[in-house]
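Listed here are the chains, written in short residue letters.
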Amino acid sequence: MAKWIPVSKRLPKKDGSYLVCTKNNGILLTRFYTNGRRFSSTRISNLVVAWQPLPKPYKEAQDERTD
């Protein structure tokens, strides 16, 4: 499982979607843009204290199928 990375330590290296934690402990799904070095908007970027990559999507195991 991914761990929270403080924005004071580093920002994401790639454009993409990330989970972020805000100053008021809110958890959001938002985009990060490397060219502007910010999350989806300046307003959100100013609130973000930590981020983490999204987990891998759920994938049904072969033995769990009910076909």
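Remember, it's a predicted structure, so these values are computed and weren't measured experimentally.

Considerations on the environment of Phe32
- With respect to the helices and strands, Phe32 occurs in strand 3 (residues 27–33).
- The spacing of Phe32 and Gln52 is 20 residues in sequence and 11 Å in space, taken between C-alpha atoms.
- For Phe32, the contacting residues outside a window of four places in its chain are Leu11, Pro12, Lys14, Asp15, Gly16, Tyr18, Arg37, Arg38 and Phe39.

Some remarks on the pairing of strand 5 (residues 48–53)
- Both strand 1 (residues 5–6) and strand 5 contribute to a ladder of 2 bridges, which runs antiparallel. Pairing of Ile5 across the sheet is with Trp51, part of strand 5.
- Direction of pairing for strand 2 (residues 16–22) relative to strand 5: antiparallel, over a ladder of 5 bridges. Along strand 5, the bridge assignment pairs Tyr18 with Pro53.

Looking at unusual backbone geometry
- Look at Asn25: it is not a glycine, yet its phi comes out positive at around 65°.
- With respect to the helices and strands, Asn25 occurs in the loop between strand 2 and strand 3.
- Positive phi, normally seen in glycine, also occurs at Arg37, with a value near 45°.
- Considering the arrangement of structural elements, one finds Arg37 in the loop between strand 3 and strand 4 (38–39).

Here is what the cut-offs are and how they apply
- Position numbers for residues start from 1 in each chain and track the written sequence from start to end.
- Per-residue local features of the predicted model are confined to residues with pLDDT of at least 70, and side-chain atom pairs are confined, for both listing and counting, to 80 or more; whole-chain, interface and lining totals are unaffected and use all residues.
- Computation of side-chain values covers all heavy atoms of the structure but excludes hydrogens and water.
- Strands are runs of DSSP state E lasting at least 2 residues, helices are runs of H or I lasting at least 4, and numbering of each runs from the N terminus.
- For this analysis, residues touch if any pair of their heavy atoms sits within 4.5 Å.
- By this definition, two strands are paired if DSSP reports at least two bridges between them.

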